[in-house]
Amino acid sequence: MELFSEIYGCYFTLVAKILEQAQNGLSKIEIEKLVTGHGFYDTAFHLLPSLFSGEWSLLTERDNKYFSKFTGETKRPLTTLEKSWLKTLLSDPRIKLFLNDSQIVALSASLNNIQLLYEQNDFHIYDKHLDGDDYNDDGYIARFKAIAGACKAHQPLIIEYDGSKGGRTKRQYHPYKICYSARDDKFRLLCAAFNRRHNKLERITLNLGRIKSVLLSENQFDISVDLDALYKESFCNEPVVLEISKERNALERCMLQFASFERQTEYDKDRDIYTCRINFDPTDETELLIRILSFGPVVKVLGPENFLSQVKERISRQLKLQSSEC
Amino acid sequence: MRDFYVYGFKSRIDFDRKSARTYDNEKRRCESYLKKYMKWDYKDGNKASFISVDSSKIPINPLFAAWKSKSFTSNDIMLHFYILDALKNRKMTVDLLTDYICEKSGVAFDTQTIRGKCNEYVDHGMLTCEKQGKAFFYGITPETVDITPELLDAIKFFQGAAPIGEVGSFILDNENVENNLFAFKHHYIAHTLEDGILLDLLTVIRKNQSVVFENQSERSGNTTTIHALPLKIFVSATTGRRYVCMYSLRKRRFFNYRLDYIKSVVPNEVIDSAPELREKLGNNLDKVWGVSFGGEHRTEIVCMKLHIDEKREQYIIHRILREGQGGELTCLGTNTFLYTKEMFDSSDMSPWIKTFTGRILALEGTNELVIKRFYNDMNQMAEMYSIGGEQ
């Protein structure tokens, strides 16, 4: 089964999209817009001349409009690779969050002669947290589906929630997206709630495992545009600045470990040292702090001041504990 | 692409392994695929290009672009649409198909070219080829899978969460659907760049086949040829690394090799004892903290005495239970706990131990080097941050 094939390529997908939309005619500008919106940066340069000149003979020009030479759907059939991948999902416990038992049976039957791409136990995630969400809990599955539906329909929800420090709250939230962490094996709801004191919407993250009940709110209004803007805002806190030495393969380890963060790295030739600035969500501060400490002396925090003082405080506390035990 | 994404500081002069032209080509390719995420910075007169992306904010892995960029000929793209159009709701011989396509497109194709493309699509599973009498009839493979909205949501999720997720992204592209529902945290998007090797390895794992492969260490630059039996893929959700666990047929023991260091895999003979070796590996997994199977001594023990405020810091106890890989946690007295774990190689555990900096009362273990290094590291850090005088 071939993973690298032009049939999955950006150009084939884009041309299929153009042909589908060009059944009723598209102007040159409309086609150019599709190419700019869905192609690579240089796609227009390569694709448009072949399309418009008739070299590929896929469009005909009439009255300044381009028409597809085909009628009906232009999407291709699923390939064996895609079916194998789908079949493999059926043995993943998380599939129950999406499909009920009869849907799983039906899909399984439709993929009867297809081989699995892999088996779940071919993979061993050795540092996955052991307190992941329970994907076999019917209540959890029902709440997950209700939340996913509300995210797609942009419907506010009344959510009953057990906080991390105890205590149960019930409040209206505007759901945005569901975030999954492979390390935590947990789903979290990215949402927003109105802060009356500051008179503004604020970003809130709720663990799905701690959500006790979900109800559609009676006050239905769509704020998806505001939510989008809210979640695209950059974090206003200062980035953490690290100095990474060349010892113990620290550079590669550090770059890989923090690859999921937005960051910038520079090499200082004179000092033979690397400096990395990591932008982070303030709610992840402690996690980032302990991950940096895990590198020991090969990574040094330079700032910001508040972050640096937390690092120093922990090391200082460590020295005191060690000496008290001696 | 990996260099630009993972390191993010490569300027032309840092790109030491290949020629300047390769650097330019690679940079141009990255800029074309990842225009939104590519950034630039000038340092000492050199322009450094890098990819900077918060993986929790992107609906689809931008590095999937690497799988969606295979070059093709004019014939490839024309025949793709003409063949699928011609065979909609009917079956045709290659001669009929050729006539139909030539007439509709106004382009002269020879039968051989069309047969070749049809057979390629039979291999992909998109077309069927049936013999009726003396003639072969091509048709579109009947679609048995009903891509429901629920299944589409599952694909939106698994394209980011399951191995070889780019395949899910291919399906979404074909369905003209975008992931508008899920975000992913602790998501290592560079994994997709190793998925070709991963797929080859998963295929041989299914067949109990050994492989010969070239392992190129980025660290030392050395390339070695290894013959071994792949058994399992080890993944770290924290450090962003993936490994293949293999049984060395020569050394008769398990090893892990970084997926991103493997350049190609050649399948070799079927190993009859593969199921037993897989079982043996499974029985030993609880003693492998990370990826090392240790040295001469069979197992090592680490004991970490911690100060945890029982009333206010229950979250630390929870953290040890969820991250401690089955190690034993016992309460020794008020606010004092002992965590104990037996494993093949305790040096794998060192980074995790250091995440408890500020809470460790004492660290003991059978591997003296690991213990000594911990205390040295603490002293070095104290010196680095100019902390001291209270030891």
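Just so it is clear, the model here is predicted, and its values are computed rather than measured. (Residues numbered from 1 in each chain as written. Chains lettered and ligands numbered in written order. Predicted model: local features only at pLDDT ≥ 70, side-chain atom pairs only at ≥ 80, totals over all residues.)

Quick look at the overall build of chain B
Per the secondary structure count, chain B includes 12 helices and 15 strands. Expressed along its principal axes, the backbone C-alpha trace of chain B runs to roughly 90 × 60 × 45 Å. Nonlocal contacts in chain B, meaning residues at least 24 apart in sequence, comprise 59% of its contacts between residues at least 6 apart. (Helix = DSSP H or I, 4+ residues; strand = E, 2+ residues; numbered from the N terminus. Contact = placed C-beta atoms within 7 Å.)

Observations concerning the interface of chain A and chain B
Size of an interface, as often reported, equals the accessible area lost when the parts are brought together. Contact residues are listed per partner, giving 104 residues for chain A and 116 residues for chain B. Broken down by class, the residue content of the side of chain A that touches chain B amounts to 50 nonpolar, 26 polar and 28 charged. One ladder, built from four bridges, connects strand β5 (residues 168-181) of chain A with strand β6 (residues 182-185) of chain B; its direction is parallel. Across the sheet, Ser181(A) pairs through a bridge with Lys185(B), a residue of β6(B). (Nonpolar A, V, L, I, M, F, W, Y, C, P; charged D, E, K, R; others polar. Pairing = 2+ DSSP bridges.)

Observations regarding the pairing of strand β11 (residues 273-279) of chain A
All names here are of chain A. For strand β9 (residues 240-244) and β11, the ladder comprises five bridges, and the chain directions are antiparallel. Counted as the bridge partner of Val-241 is Arg-277 from β11. In this structure, strand β10 (residues 262-268) lies alongside β11, joined through seven bridges in antiparallel fashion. Residue Asp-268 lies in a different strand from β11, and its bridge partner there is Ile-273. Taking the residues between adjacent antiparallel strands as the criterion, β10 and β11 are bridged by four residues, where Asp-272 takes a positive phi near 55 degrees.

A few points about the sheet that holds strand β13 (residues 328-333) of chain B
Across a sheet, paired strands are connected by hydrogen bonds in the backbone, their directions being either parallel or antiparallel. Residues and elements named next belong to chain B. The strand order β13-β14-β12-β15 describes an open sheet built from four strands, whose pairing is antiparallel. Both edges of this open sheet fall to β13 and β15 (360-365), since each of them pairs with a single strand only. Adjacent strand axes in the sheet meet at a mean angle of 20 degrees when their direction is disregarded. Inspection of the sheet shows strand β12 (residues 300-307) paired to strand β14 (residues 336-343) by eight bridges, in the antiparallel sense. Pairing of Ile-301 across the sheet is with Glu-342, part of β14. (Axes fitted to C-alpha atoms, helices over the stretch in contact; angles between N-to-C directions.)

Here we look at the sheet that holds strand β5 (residues 135-140) of chain B
Residue and element names in this part refer to chain B. The strand order β3-β5-β4 describes an open sheet built from three strands, whose pairing is antiparallel. Where the open sheet ends on each side, the last strands, each with one partner, are β3 (92-93) and β4 (127-132). Relative to β5, β4 runs antiparallel, the two sharing six bridges. When the bridges of β5 are listed, Thr-128 appears paired with Gly-139. Helix-sheet contacts for helix α5 (residues 111-124) involve β4 and β5, and the interaxial angle to β4 is about 115 degrees.

Overview of the domain arrangement of chain A
According to the domain assignment, chain A consists of domain 1 (6-68), domain 2 (80-122), domain 3 (138-232) and domain 4 (240-325). When each unit is reduced to the centre of its C-alpha atoms, the spacing between domain 1 of chain A and domain 2 of chain A is 35 Å. (Domains from an automatic or database assignment.)

Focus: helix α6 (residues 138-153) of chain A
In this model α6(A) runs 23 Å from its N-terminal to its C-terminal C-alpha over 16 residues, within 8% of the 22 Å that 1.5 Å per residue would give. Buried within α6(A) we find Arg143(A), Phe144(A), Ile147(A), Ala148(A), Ala150(A) and Cys151(A). Taken end-on, α6(A) shows its buried residues confined to a sector of 165 degrees, consistent with a single buried face. Structural note: α6(A) exposes Asp138(A), Ala142(A) and Ala153(A) on the side pointing more than 90 degrees away from its buried face. Where α6(A) is buried, its residues meet β4 (157-162), β5, β6 (186-195) and β8 (211-216) of chain A together with α6 (149-161) of chain B. Looking one or two places after α6(A), you find His154(A), whose phi comes out positive at around 55 degrees. (Expected span 1.5 Å × (residues − 1). Buried ≥ 20, exposed ≤ 12 C-beta atoms within 10 Å, placed from the backbone. Arc of directions from axis to C-beta.)

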